[in-house]
Structures are given as structure tokens and as C-alpha cells.
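Each chain, written out:
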Amino acid sequence: EAMSPFFNVRQRNYGPLAYDRSQTLTLRYNYRLPQPGKYFHQRILGILADHWEMSGVARFMTGAPFTPTFSTVDSANITGTPSESARPDVKDPKAEPVNRFGRPARGSFGNAGTRVLRGPGTNNWDISLYRRIPIREGKYIQLRIESYNTFNHTQFSALSSAARFDAQGNQVDALFLQPTAARSARRMQAAVRVNW
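Residues numbered from 1 in each chain as written. Predicted model: local features only at pLDDT ≥ 70, side-chain atom pairs only at ≥ 80, totals over all residues. Heavy atoms only, no water.

Help me understand the pattern of salt bridges in this model?
What the rule picks out here adds up to 7 salt bridges. Of the charged contacts, one joins Arg12 and Glu84 as a salt bridge, the two residues approaching to 2.9 Å between their closest N and O atoms. With Arg12 in helix α1 (residues 9-12) and Glu84 in the loop between β4 (69-72) and β5 (89-90), this residue pair connects regions lying 72 residues apart in the sequence. On the accessibility criterion, Glu84 (11% relative accessible area) is buried. Of the charged contacts, one joins Glu146 and Arg144 as a salt bridge, the two residues approaching to 3.0 Å between their closest N and O atoms. Here the two residues Glu146 and Arg144 agree in accessibility, since each one is buried. (Salt bridge = Lys/Arg side-chain N within 4 Å of Asp/Glu carboxyl O. Helix = DSSP H or I, 4+ residues; strand = E, 2+ residues; numbered from the N terminus. Buried < 20%, exposed > 50% of the residue type's maximum accessible area, 1.4 Å probe, protein only.)

Would you explain the nonpolar core in this entry?
Formed by Phe66, Phe70, Ala76, Ile78, Ala86, Phe101, Ala112, Leu117, Ala163, Phe165, Phe176 and Leu177, the largest nonpolar core amounts to 12 residues. Those residues within four positions of Ala76 in sequence are excluded, and the remaining contacts are Arg103 and Arg106. (Core = buried A, V, L, I, M, F, W, Y, C linked by side-chain atoms within 4.5 Å. Contact = heavy atoms within 4.5 Å.)

Any chance you could explain unusual backbone geometry here in plain terms?
Trans peptide bonds make up the majority, and among non-glycine residues the majority have a negative phi. Phi is positive for Arg115, close to 50°, though the residue is something other than glycine. For Arg115, the position within the fold is in the loop between β6 (101-102) and β7 (117-118). Of note in the backbone geometry, Leu177 takes a positive phi value of approximately 70° without being a glycine. Accessibility expressed as a relative area gives 16% for Leu177, which makes it buried.

In C-alpha cells form, the structure reads like this:
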């Protein structure tokens, strides 16, 4: 974001950095599943159900901060200068984000701070299930089933960040702050690996 030629930098441009993630959690795990064939002394059950392991990575984080922008239906020049764009006015800081902003007055620059909203966060689970089948000493076959975004949780990656105001100052864009893109849905793959 460009520095303001009209305002003190700490007044106009002070806020979270674009790559800030205030809360993040990553879990890595590996779990050897129970062996019912061995436990019940059932060879056929053991062939199907024993020697499986599960591993995975789960990631959770808040979204990236961004500065909302706006346009007007009447194409008004709010600031009167090409050197700096206006930001929306914060009308009610306690309102839902979609209702928080208003059209700034002509000749003003808007009072919204930089990066005052956050984009969509991440809630993703990648899980692998695999089984090692020994052939001879030091040699084995590994069966693998892997899934990415295992629970098929919608992972929005972008929002419509520009409001649109009419001449009376009403926000008229129904898509403002609505998701516009998403990360990949669940993907699965299977593999057979021979270690020789």
C-alpha cells in the first residue's frame, strides 16, 4: 500500500501487515491403528485389518487483513486529487462488517484504517492411511490412500472487498464481502509403493 502524501504515516498507514495471521495452529500426527487380527488371533482378519497407520496434518489460521475499497454509482471524485484514493467511512464500528461502512463526504479521504477487515481463514485436514506389507527382510510393499481437505470443508480464498455507494450514501452492492473464490475441494489419491 502506497504511503499517504497528505497524512502522517502512522496515522493513515499504521495497521496489521498484509501477511499477518494472528492465530495459527498446525497439528502433525502419526497413529498406528489397532490390530484386531492379532488381538483376536484371526489370521484372515489380520490380513485385512492389521498393520495400518494413519498420519496427517491439520491447519487452522485466521485470514489475511485487507483494506476495504469502494466505488460510487455516480462516479464522484471524492478526494479531488489523483494522489490518494478515499477509503470508506466507518459509520458504526460495532455493526456487522457489511453494514459498518458508509460513503465519505466529498473533499474527505474517509476514516477507515488500513487493513481493518480480515479475509477467510483456513480449516484444513490432510489425512493419509497406509499399510506396510513385508515381502522379505528389508523389502516391503506400502499401500497408501491420501486425501487433501479430507472433510471437504469449504476453504474460501477471496472476498469481494469493494463496496458500492449510491448518491445518498447507501451501500448497494449485494456481493460486498461475499466469497468470490475457494481453494480446492477434497482430493484423493491411492498408490502402491514397493521398497526394494
